[in-house]
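Remarks on the overall topology
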Amino acid sequence: MSNVPDPLDLLADLLAAAKRAGADSADAVFFEAASLAVAQRLGKSEKLERSESRDLGLRVLVGKRQAIASTTDFAPDSLDALVARALAMARAAPEDPYCGIADPGQLATGLRDLDICDDVEPTAETLVARAREAEDAARAVEGVTNSEGAEAGWSRSTIALAATNGFAQSYAASSQSIAASVLAGEGTAMERDYDFHTAVHGSDLRAPAEIGHGAGERAVRRLNARKIETAQVPVVYDPRVSGGLLRHLSSAINGPSVARGTSFLKDKLGQRIFPQGVQVVDDPHRPRGLRSKPFDAEGVANGRRAVIEDGVLQTWIMDLASARQLGLETTGHAARGTASPPSPAVTNLWMQAGAIPPGALIGEIDSGFYVTELIGMGVNAVTGDYSRGATGYWIENGEIAYPVSEVTVAGNLKDMFANLTPADDLEFRFGVDAPTIRIDGMTIAGI
């Protein structure tokens, strides 16, 4: 993009102006992004889009009052108005005893190269070829009768952060993706399924034909789905959906939720909530990780952290404000956009692989349910009650027997966490990842 000064110089000038205008402290964040996306359906191109954007956010603090203002206009007059608007808002805002930027000793230094930006931008022709290859492979699977299409995309972002405590750093990140979705069967007996892959570097992407073929095979396997009767049985989560359990965990240990007392795990720090041996890790420094970053959104040093160790909850996920509210130290998990203050979020989060192959987890089950897709968000964050629509396959005598649809999987996350067993098939595909997981004693609501 043209006519853009160096982001860190731009932010330094903005912070200096905020100080001159009366801010006690301030920080500012800059985002610049470009993306290219293509789609095709039934062999014909449906989309070719390129977008570019720039955005800047300024947070100013006057005593214990803070305000945030953002803009996409980088003209000097506009930036002067941004500073004035932010200061006026801060002076009118209520006091927040927990707000404030990082102390110099908390700041990240000696940043690592995480290899999270691919310098090669694929051409539109390359993306079109990927989408075409994926859809052609999906439609070639016997039993596939229609297509929802295939897409391929690329994006690259630059993030810069500076604050009046002396922090000023930037980094770039990229991603590339391929997806395909097709239908099998005819009329009211049609079934849909998909496959996709996202990677930081194009060289790490799975082959488009592999993705397409996987989507086609998944759709065909779902044909002739049956209804099942309500039962209490073991449930096995496919790796495509098992990471959702970690997302529920991350929400329950998010600092603001704990501080407000609205989490079902609010009193579980230091206690065993998973079986012995279960490990959950968050690592913002994982090389080529989809959610990797060298520092958090407050400039605080971040790093690999055990969230669950030998089944025991080790930490909350905190930014500066929630850590102050809880009387603890930040864990370096701040995330932010340009129009709101920082809030905590996990980075690359995963459950480490267990020692049992997926086939062995399934092989011990006389009757059970293998989940491949979940619908809805029926989770009560306060109580841990869990109820979600699901599709998948029925397990009989240790084998996948037939497809199942229109069921509800229900339980309570406290009990689910305490009774799960991870398999040994962990793959890093989604940013939040888990292996195949078996949970005993869940309720399946069917006909």
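Scroll up for the structure.
A few points on the structure. (Residues numbered from 1 in each chain as written. Predicted model: local features only at pLDDT ≥ 70, side-chain atom pairs only at ≥ 80, totals over all residues. Heavy atoms only, no water.)

Some points on the packing of aromatic side chains
The following threshold applies: When two rings of Phe, Tyr or Trp (its six-membered ring) have centres within 6.5 Å they constitute a pair, described as stacked for plane angles under 30 degrees, edge-to-face for angles over 60, and tilted for the intermediate range. A helix here means a DSSP run of H or I that spans at least four residues, while a strand means a run of E at least two residues long, and both kinds are numbered starting from the N terminus. Burial classes follow relative accessibility: with a 1.4 Å probe on protein chains only, a residue under 20% of its type's maximum area counts as buried, one over 50% as exposed, and anything between as partly exposed. Here, over-ring charges are defined by two tests on the NZ atom of lysine or the CZ atom of arginine: distance to the ring centre within 6 Å, and angle to the ring normal within 35 degrees.
In total, this model carries eight aromatic pairs according to the counting rule given. An angle of 45° between the planes, with centres 5.6 Å apart, marks the rings of Phe 196 and Phe 430 as tilted. With Phe 196 in strand 6 (residues 191-199) and Phe 430 in the loop between strand 17 (420-422) and strand 18 (432-433), this pair connects stretches of sequence that are 234 residues apart. You can call Phe 430 buried: its relative accessible area is 18%. Clustering of aromatic rings is evident, with ring pairs tying together Phe 167, Tyr 171 and Phe 295. In this structure, Arg 226 packs its charged tip against the face of Tyr 402, placed 3.8 Å from the ring centre.

Digging into helix 2 (residues 76-92)
Counted only if it meets this: A helix is expected to span 1.5 Å multiplied by its residue count minus one. Contacts are assigned to residue pairs that have any heavy atoms within 4.5 Å of one another.
An ideal rise of 1.5 Å per residue puts 24 Å on 17 residues; helix 2 measures up with 25 Å between its terminal C-alpha atoms. Every buried residue of helix 2 is listed here: Ser 78, Leu 79, Leu 82, Val 83, Ala 86, Leu 87 and Ala 90. For helix 2, the elements touching its buried residues are helix 1 (7-20), strand 2 (44-62) and strand 3 (65-71).

With respect to the side chain of His 197
The following threshold applies: Throughout this description, a polar contact denotes any pair of N or O atoms lying within 3.5 Å of each other; where both atoms belong to protein, one of them has to be capable of donating a hydrogen while the other can accept it, and for residues adjacent in sequence the pair is counted only when both atoms sit in side chains.
Structurally, the position occupied by His 197 is in strand 6. Classification of His 197 as buried rests on a relative accessible area of 8%. For His 197, the side chain forms a polar contact with the main-chain nitrogen of Arg 206, separated by 3.0 Å. Look past the residues within four positions of His 197 in its chain and what remains in contact with it is Gln 176, Ser 177, Ile 178, Asp 204, Leu 205, Arg 206, Ile 211 and Arg 429.

Examining helix 3 (residues 124-139)
Residues three or four positions apart in an α-helix share a direction because the helix packs 3.6 residues into each turn. Cut-off, in case you're wondering: By arc we mean the arc of the directions from the helix axis to the C-beta atoms, nothing more.
Across its 16 residues, helix 3 extends 22 Å between first and last C-alpha, which sits within 8% of the 22 Å expected from 1.5 Å per residue. Considered for burial, the residues of helix 3 that qualify are Leu 127, Arg 130, Ala 131, Ala 134, Glu 135, Ala 137 and Ala 138. Summarising the axial view, the buried residues of helix 3 lie within an arc of 165°, below the 170-degree limit, and thus occupy one face. Turning to helix 3, the residues buried within the fold contact strand 1 (25-41), strand 4 (144-163), strand 5 (168-184) and helix 4 (208-221).

Section: the sheet that holds strand 9 (residues 305-309)
How we decide: At least two bridges found by DSSP between two strands is the condition for calling them paired.
The strand order 10-9-8-13-18 describes an open sheet built from five strands, whose pairing is mixed. Each of the sheet's edge strands pairs with one partner strand only, and the pair in question is strand 10 (312-313) and strand 18. Here strand 9 runs beside strand 10; their pairing, made up of two bridges, is antiparallel. Bridge pairing in strand 10 links Ile 308 to Leu 313.

Some thoughts on the sheet that holds strand 1
Short version of the rule: To define axes, lines are fitted to C-alpha atoms, for helices over the stretch in contact only, and angles between the resulting N-to-C directions are given on a 0 to 180 degree scale.
Strand order across the open sheet formed by six strands is 3-2-1-4-5-6, with antiparallel pairing between neighbours. Every other strand in the sheet has two partners, leaving strand 3 and strand 6 as the edge strands with one partner each. On average, each strand axis in the sheet is inclined to that of its neighbour by 20°, with strand direction left out of account. Of the pairings in the sheet, the one linking strand 1 to strand 4 comprises 14 bridges and is antiparallel in character. Residue pairing in the sheet places Ala 37 in a bridge with Gly 153 of strand 4. Its contacts with the sheet place helix 3 against strand 1, strand 2, strand 4 and strand 5, and it is angled at close to 145° to strand 4.

A word on the pairing of strand 14 (residues 367-375)
Here strand 14 lies mainly inside the structure; seven of its nine residues are buried. Inspection of the sheet shows strand 14 paired to strand 15 (residues 385-396) by eight bridges, in the antiparallel sense. If you follow Ile 375 over to strand 15, its bridge partner there is Gly 389.

Here we look at the environment of Arg 336
Following the sequence through the fold, Arg 336 ends up in the loop between strand 11 (334-335) and strand 12 (343-344). At 3.1 Å, the side chain of Arg 336 and the side chain of Asp 27 are in polar contact.

Some thoughts on the nonpolar core
A general feature of soluble globular proteins is that nonpolar side chains tend to end up buried together. Heads up, the condition is: Only buried residues count toward a nonpolar core. Its members are Ala, Val, Leu, Ile, Met, Phe, Trp, Tyr and Cys residues joined through side-chain atoms within 4.5 Å.
Tyr 237, Leu 249, Phe 274, Met 351, Phe 369 and Val 409 are the most contacted members of the largest nonpolar core, which has 47 residues in total. Counting residues per element, this core draws most heavily on helix 5 (residues 239-252), which supplies five residues. Counting residues in hydrophobic clusters, the runner-up holds 24 residues, among them Leu 15, Ala 17, Leu 56 and Ala 67.

Some points on the environment of Glu 52
Examined against the element boundaries, Glu 52 turns out to sit in strand 2. Overall, the relative accessible area of 46% leaves Glu 52 in the partly exposed class. In this structure, the C-alpha to C-alpha distance between Glu 52 and Ser 155, residues 103 residues apart in sequence, is 9.7 Å. There is a polar contact of 3.2 Å between the side chain of Glu 52 and the side chain of Arg 50.

Quick word on the pattern of salt bridges
Going by this rule: Any Lys or Arg side-chain nitrogen found within 4 Å of a carboxyl oxygen on Asp or Glu counts as a salt bridge.
Evaluated as defined, the whole model comprises 21 salt bridges. For Arg 50, the salt bridge identified is with Glu 121, shortest N-O distance 2.8 Å. Taken as a pair, Arg 50 in strand 2 and Glu 121 in the loop between helix 2 and helix 3 lie far apart in primary sequence, 71 residues in all. On the basis of relative accessibility, which here comes to 39%, the residue Glu 121 falls in the partly exposed class. One salt bridge connects Glu 95 with Arg 65, and the closest N-O pair in it is separated by 3.9 Å. Linking Glu 95 in the loop between helix 2 and helix 3 with Arg 65 in strand 3, this pair joins segments that are 30 residues apart in sequence.

Overview of the packing of helix 1 against helix 2
Counted only if it meets this: Under this scheme an angle from 65 to 115 degrees is roughly perpendicular, one under 35 degrees roughly parallel, and one over 145 degrees roughly antiparallel; angles in between are oblique. Handedness of a crossing follows from how the near helix is turned relative to the far one, being left-handed for an anticlockwise turn of less than a right angle and right-handed for a clockwise one. Under the convention adopted here, Pro, Cys and the residues Ala, Val, Leu, Ile, Met, Phe, Trp and Tyr are nonpolar, Asp, Glu, Lys and Arg are charged, and Gly plus all remaining residues are polar.
One way to put it is that helix 1 packs onto helix 2 with a least axis distance of 10 Å and a crossing angle of 45°. By the angle between their directions, the pair helix 1 and helix 2 is classed as oblique. In this structure, the crossing between helix 1 and helix 2 has a hand that is right-handed. On the side of helix 1, the interface is formed by Leu 10, Leu 14, Ala 17 and Ala 18, while helix 2 contributes Leu 79, Leu 82, Val 83 and Leu 87. Considering only residue class, the contact of helix 1 with helix 2 consists of eight nonpolar, no polar and no charged.

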